[in-house]
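# A structural walkthrough
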Amino acid sequence: MVTELIKLKVKKESATGTESERIIKYFVESCKRLDASIFEPLISEEQMFESLDKYRFLQSLKDKFDFWKNEGFTRTEMKEGTCGMCHYGEMVYEFYVNDSKIAFAYIIHNNNNNELEDIFICNGASGYSSCH
């Protein structure tokens, strides 16, 4: 039952994951440009990420983005990393404000049909260990 709330409502014909891939692409672009409005139209009203409804999740993104914009940054660069904690070894999308300073990182989970299930913050990303 909870799994149903987390799944993104995608068309049945998207078994190849094409729609999920598009959503992930726009999420990454949103993070790169520090602009939650890029990702917002793709989330359905009942979508939940990080156990947050659409608007709370978008607000959490906006808060992160606003923090870095207030620090003088206009974009980030994405690098692939790995989780060193809760989801040990999983691929993490790490977003950097410069070559060595990671701003934030996310894990994106797909189900066995390659459909998007969840996007959530990763505080154990490998990029954080290089920031000390």
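Scroll up to find the structure this text is about.
First, a word on scope: everything that follows refers to the structure included in this document.

The rules behind these values
- Residues numbered from 1 in each chain as written.
- Predicted model: local features only at pLDDT ≥ 70, side-chain atom pairs only at ≥ 80, totals over all residues.
- Heavy atoms only, no water.
- Helix = DSSP H or I, 4+ residues; strand = E, 2+ residues; numbered from the N terminus.
- Buried < 20%, exposed > 50% of the residue type's maximum accessible area, 1.4 Å probe, protein only.
- Contact = heavy atoms within 4.5 Å.
- Core = buried A, V, L, I, M, F, W, Y, C linked by side-chain atoms within 4.5 Å.
- Phe/Tyr/Trp six-rings, centres within 6.5 Å; stacked < 30°, edge-to-face > 60°.
- Lys NZ or Arg CZ within 6 Å of the ring centre and 35° of its normal.
- Expected span 1.5 Å × (residues − 1).
- Arc of directions from axis to C-beta.
- Salt bridge = Lys/Arg side-chain N within 4 Å of Asp/Glu carboxyl O.

### Some details on the overall build of the protein chain
Per the secondary structure count, the protein chain includes four helices and six strands. Its helices and strands in sequence order give the protein chain the pattern α-α-β-β-α-β-β-β-β-α, from N to C terminus. Per-residue burial over the protein chain gives 40% buried out of 132 residues. Within the protein chain, contacts between residues separated by at least 24 positions form 51% of all contacts whose residues are at least 6 apart in sequence.

### Comments concerning the environment of L116
When you line up the elements, L116 lands in strand 6 (residues 116–121). Considered as a pair, L116 and I24 are 92 residues apart in the sequence and their alpha carbons are 8.1 Å apart.

### With respect to the nonpolar core
Among the nonpolar cores identified, the biggest contains 25 residues, and F27, F39, F57, L61, F104, Y106 and I119 are the most heavily contacted of them. Secondary structure elements with two or more residues in this core: helix 2 (18–33), helix 3 (54–70), strand 4 (91–96), strand 5 (102–110) and strand 6. Setting aside residues no more than four positions away along its own chain, F39 makes contact with I23, Y26, F27, S30, F49, F57, L58, L61 and I119. Residues Y96, I102, A105 and C122 belong to the second largest nonpolar core, which totals nine residues.

### Section: the packing of aromatic side chains
Here the structure, examined in full by the defined rule, presents eleven aromatic pairs. Here F67 and W68 contribute two aromatic rings whose centre-to-centre distance is 4.9 Å and whose plane-to-plane angle is 90°, an arrangement assigned as edge-to-face. Look at W68 and you get buried, because its relative accessible area is 8%. Connected via pairs of aromatic rings, a cluster forms that spans F27, F39, F49, F57, F65, F95, F104 and Y106. Above the plane of the ring of Y96 lies K79, whose end atom (NZ or CZ) is 4.4 Å from the centre.

### Some remarks on helix 2
Along its 16 residues, helix 2 runs 23 Å from first to last C-alpha, staying within 8% of the 22 Å computed at 1.5 Å per residue. Residues of helix 2 that are buried include every one of S20, I23, I24, F27, V28, S30 and C31, and no others. Buried residues in helix 2, looked at end-on, bunch into an arc of 155°, giving them a common side. If you follow the buried residues of helix 2, they end up packed against helix 3, strand 3 (77–82), strand 4, strand 5 and strand 6. Where helix 2 terminates, the next one or two residues include L34, which has phi positive at roughly 55°.

### Focus: the pattern of salt bridges
Under the counting rule described, the total for this entry stands at seven salt bridges. We note a salt bridge from E29 to R33, for which the minimum N-O separation is 2.7 Å. Here R33 and E29 lie together in helix 2, a separation of four residues that amounts to about one turn. Residue E29 is classed as partly exposed on the basis of its relative accessible area of 23%. A salt bridge links K54 to E40; its shortest N-O distance comes to 3.3 Å. Of this pair, K54 sits in helix 3 while E40 sits in the loop between helix 2 and strand 1 (48–49), and the two are 14 residues apart along the sequence.

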